[in-house]
Amino acid sequence: MSEQIKFVVEQLNKDPFKKNFNLITFDSLEPLQLLQVLNEVLAEIDPKHNIDIREEAPDQTAKRMFSLLGILKYKPPGNVSDLNAFRPGLVTGSKSIIHPILHWLLQRTNDLKKRAYLARFLVKVEIPADFLQDDVVSDTYHQYEELVEGFKTLHKECEQLKNSGFSTAEIRRDINAMEEEKDQLIKRVERLKKRVDTVSNHQRMLEMARQLRVEKEREESLMQQKQEQKNQLFHAEQRLQRAQQQLKDLRQASADAKPESLMKRLDEEIKFNTYMVSDKLPKELESKKKTVHFLQKVVVEPAMGQSDLSELEAKIQEINTQINQLIEKKMMRNDPMDDKLFLFRQQASIISRKKEAKAEELQECREELLSMEKELAQKSNQARDFDGTEVLKGDEFKRYVSKLRSKSTVYKKKRQELTELRAEYGVLQRTEEILKQRHEAIQQQLQAIEAKHGITGFSDTQEELERVSALKSELDEVKGRTLDEMSEMIKRLNTLIAEKKSALAPVIKELRPLRQKCQELTQEYDEKKALYDSCAAGLESNRSKLEQEVQGLREECGQEETRYHYTNCLRRITERQIQRAADEMKLYVSADPQERRKAVREQYNRNILEQENLGKKLREKQKAVRESHGPNMKQVKMWRDFEQLMECKKQCFLKQQNQNPVGQVIQEGGEDRLIL
């Protein structure tokens, strides 16, 4: 309790309360002051409660606080008696009631603010059923319910947006950055347009570039379609291989096995599936439902503190000890040597546990097999996506290794040639440096000769003219080459498309008989499946009949057992009653007065005599009260009249003191006289 008070004082000294309490001053608060502190905390949670309780009636204050605590889902600690004392304790400002409420409120202020805010919109207005029969009221109430549901959805979306991590500042920064990038791109496009406008035939070149881009996009789409068709063909081949493998397995199984073995295998599968459906899966489903139910209870319950958890742990330990004691008593009462079915029950429990363990192992093996098959398919798909081919096996892998060895020898030769070319490149680089040095020396000599003859810059001008003419010829050559390359590219694309069509034609022809074969296999599979379903249905009907007979016999056995136990209990009760009657007769007939007093008849006679004496006393008391009622009422009336007379004298005396004296009052002999 001291920890609670310390926590409450610390929270009240912080913002927004700032009370400057300590443990002594807080503990010495009057009940009205304590209620005012509680009201301020409630006002912080819900501003509607910001009221001075000195200006409010006590019943209204209690009603307002009870309603808010009910909305906040506060549960008083303790048992039923404490709950009965909770209401008057809250009205009178009891410390034992107010302190836990303050501790609970200050622990979760933010959550309670949110709950109080939502309660204003989600707590529905209760309307009597008689009023809802009116069409206008009913339509208005339905609109109100729709608005409440709309508020729920909007609040959820708002919370999701708040918790999503996006902030308006970041979004504004991103928008500004994108606008700046947009301006830069516009400026860059304008500069490129100005640069292109100076080039002759720029419209024609742009049109050709546009056509080139369109053709490239078309080429990409064709390549994508080709890849999709390859994938479809590969999947179809895989399905065909699986179907062929299944057909092969079925033929081998039908060739090697007999109908008896097939029926035995089917019976085993049916038994396993029925065990899973009737025993294992319902138990797991029931356990999951219980877990979900408990979790829902935990979610509905308010947040628990350390004290609540310790109380629950203590209760759990107490219940566990009681269970252990009951088990020990049962074991001591039931001797396993006397129980003939004990060994059979033990063996049945062991077999059921083994059965459950094996079923779980089988289920785990099946799940592991499925996961391994999925992983194998994923790995094969990844390998195919990586290099476009399947995983090699057997002879194909050997051929791939030999091909890789031949490529490695070629790689070694190319690497040797590359080293020779690098050495030659070093020699040529050195030769280029020597020639550059000689060229610089000759250039200096030429400049000196030009300066000597007075024609400085003639060689530079000549070189510039030659460079410009060479650049012009190169540009003309590049333009012609690009046009030739574009025409050649278009021709090459057309020829490539024609080649791909001709290459795909035989593959499509081969695929048609495979599709027909696949249809035949599926038809044969459907026929086999129909035979299997009919056989399974017959077996299932026989099994259901047997189960019904067994169920009927079990019910009959259970009814006979209950009838036997009921008759046995009636017999024991009758014997006990007969024994009690015989004992009572012995005690009643006995000559010993002490023994006779133990009889039930004597006890009842004594109780009757006591009650009769008590009734006589109460009747005498009632008679005395009736006789004295009249004089007592007269005396009460006289006292009331005397009280009114004294009150009137008091009022007169007060008025006389407040007014100016007009005369003199003299009291003599029990009389009052006024002399003016």
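Cut-off values and rules
Residues numbered from 1 in each chain as written. Predicted model: local features only at pLDDT ≥ 70, side-chain atom pairs only at ≥ 80, totals over all residues. Heavy atoms only, no water. Helix = DSSP H or I, 4+ residues; strand = E, 2+ residues; numbered from the N terminus. Buried < 20%, exposed > 50% of the residue type's maximum accessible area, 1.4 Å probe, protein only. Contact = heavy atoms within 4.5 Å. Areas by Shrake-Rupley, 256 points an atom, 1.4 Å probe, with all protein chains shown as cover. Expected span 1.5 Å × (residues − 1). 1 Å grid on protein atoms, 1.4 Å probe; cavity = no way out; pocket = protein on both sides within 12 Å on 5 of 7 lines; lining within 4 Å. Points joined across faces, edges and corners; volume = space filled by probe spheres on them. Nonpolar A, V, L, I, M, F, W, Y, C, P; charged D, E, K, R; others polar. Core = buried A, V, L, I, M, F, W, Y, C linked by side-chain atoms within 4.5 Å. Salt bridge = Lys/Arg side-chain N within 4 Å of Asp/Glu carboxyl O. Patch = residues over 30% accessible without salt bridge, like charges linked within 9 Å, V, L, I, M, F, W, Y side chains within 5 Å. Lys, Arg positive; Asp, Glu negative; His and termini not counted. Charge placed at Lys NZ, Arg CZ, Asp CG, Glu CD. pLDDT = per-residue confidence, 0-100.

Student: How should I be thinking about the overall build of the protein in this particular structure?
Tutor: Secondary structure summary: the protein contains 19 helices and two strands in total. Counting across all 676 residues of the protein, residues that qualify as buried make up 12%. Put simply, of all contacts in the protein between residues at least 6 apart along the chain, 53% involve residues at least 24 apart. Accessible surface, the protein: about 57600 Å² in total, of which carbon and sulfur atoms supply 56%.

Student: What is the right way to read helix H8 (residues 109-122) from this model?
Tutor: Two residues of an α-helix separated by three or four positions point the same way, owing to the 3.6 residues in each turn. For H8, built from 14 residues, the straight-helix expectation of 20 Å at 1.5 Å per residue is met to within 8% by its first-to-last C-alpha distance of 19 Å. Three or more residues of H8 are buried, namely Thr109, Leu112, Ala116, Leu118 and Ala119.

Student: Explain the layout of surface pockets here, please?
Tutor: Where empty space is left becomes clear once a probe the size of a water molecule has been rolled over the atoms. Looking at the second largest pocket, its volume works out to about 910 Å³. Taken together, 30 residues line the second largest pocket, and the ones lying closest to its centre are Gln225, Lys226, Gln229, Lys230 and Leu504. Every element with two or more residues in the lining of the second largest pocket is listed here: helix H12 (202-256) and helix H17 (458-589). Its residues placed into classes, the lining of the second largest pocket shows 15 nonpolar, four polar and 11 charged.

Student: Would you explain the nonpolar core in this entry?
Tutor: One recurring pattern in soluble globular proteins is that nonpolar side chains are buried together. In terms of nonpolar packing, the biggest core is built from 34 residues, with Leu12, Phe26, Leu38, Leu90, Ile101 and Leu105 touching the most fellow members. Mapped by element, the contributors of at least two residues to this core are helix H1 (2-13), helix H3 (31-45), helix H4 (58-71), helix H6 (86-92), helix H7 (95-107) and H8. For leucine 12, the residues in contact, after removing those within four places along its chain, are Phe17, Lys18, Lys19, Phe21, Phe26, Val37, Val41 and Leu106.

Student: I'm lost on the pattern of salt bridges in this one. Help?
Tutor: Pairing between side chains of opposite charge can happen when their charged atoms approach one another. Counted according to the given criterion, the structure contains 12 salt bridges. Between arginine 571 and glutamate 575 there is a salt bridge, and its shortest N-O distance comes to 2.8 Å. Remark: glutamate 575 and arginine 571 occur in helix H17; sequence separation between them is four residues, near one turn of the helix. Among the residues examined, arginine 571 registers a relative accessible area of 43% and is labelled partly exposed.

Student: Help me understand empty space enclosed by the protein in this model?
Tutor: Enumeration over the complete set of coordinates arrives at one cavity of 30 Å³ or more. In this structure, the largest cavity encloses a volume near 60 Å³. Listed by contribution, the elements that provide at least two residues to the lining of the largest cavity are H12 and H17. Counting residues per element, the lining of the largest cavity draws most heavily on H12, which supplies four residues.

Student: Hey, could you run me through the side chain of threonine 61 in this one?
Tutor: Tracing the sequence through the fold places threonine 61 in helix H4. With a relative accessible area of 7%, threonine 61 lands in the buried category. Dropping the residues within four chain positions of it, threonine 61 is found in contact with Ile53 and Glu56.

Student: I'm lost on a negative patch on the surface in this one. Help?
Tutor: Where like charges cluster on the molecular surface, the negative patch consists of Glu179, Glu180, Glu181 and Asp183. Note that glutamate 181 resides in helix H11 (residues 168-197). For glutamate 181, a relative accessible area of 48% corresponds to the partly exposed category.

Student: What should I look at first to understand a nonpolar patch on the surface in this one?
Tutor: A cluster of nonpolar side chains, contributed by Trp639, Phe642, Leu645 and Met646, occupies part of the molecular surface with about 440 Å² of accessible area. Within the secondary structure, phenylalanine 642 sits in helix H19 (residues 600-658).

Student: I would appreciate a short explanation of the environment of leucine 362 in the present structure.
Tutor: Here leucine 362 lies in helix H15 (residues 342-387). When the C-alpha positions of leucine 362 and phenylalanine 272 are compared, they lie 9.7 Å apart, and in sequence the two are 90 residues distant.

Student: Looking at this structure, how should I read a positive patch on the surface?
Tutor: Where like charges cluster on the molecular surface, the positive patch consists of Lys187, Arg188, Arg191 and Arg195. Mapped onto the secondary structure, lysine 187 falls in helix H11.

Student: Explanation requested: the confidence of the model for the protein in the structure shown.
Tutor: A low pLDDT means the predicted coordinates there should not be read in detail. The pLDDT averaged across the protein works out to 79; a share of 88% of its residues lies at or above 70. Averaged pLDDT values for the elements of the protein fall to 56 in helix H5 (residues 80-84) and rise to 88 in H19.

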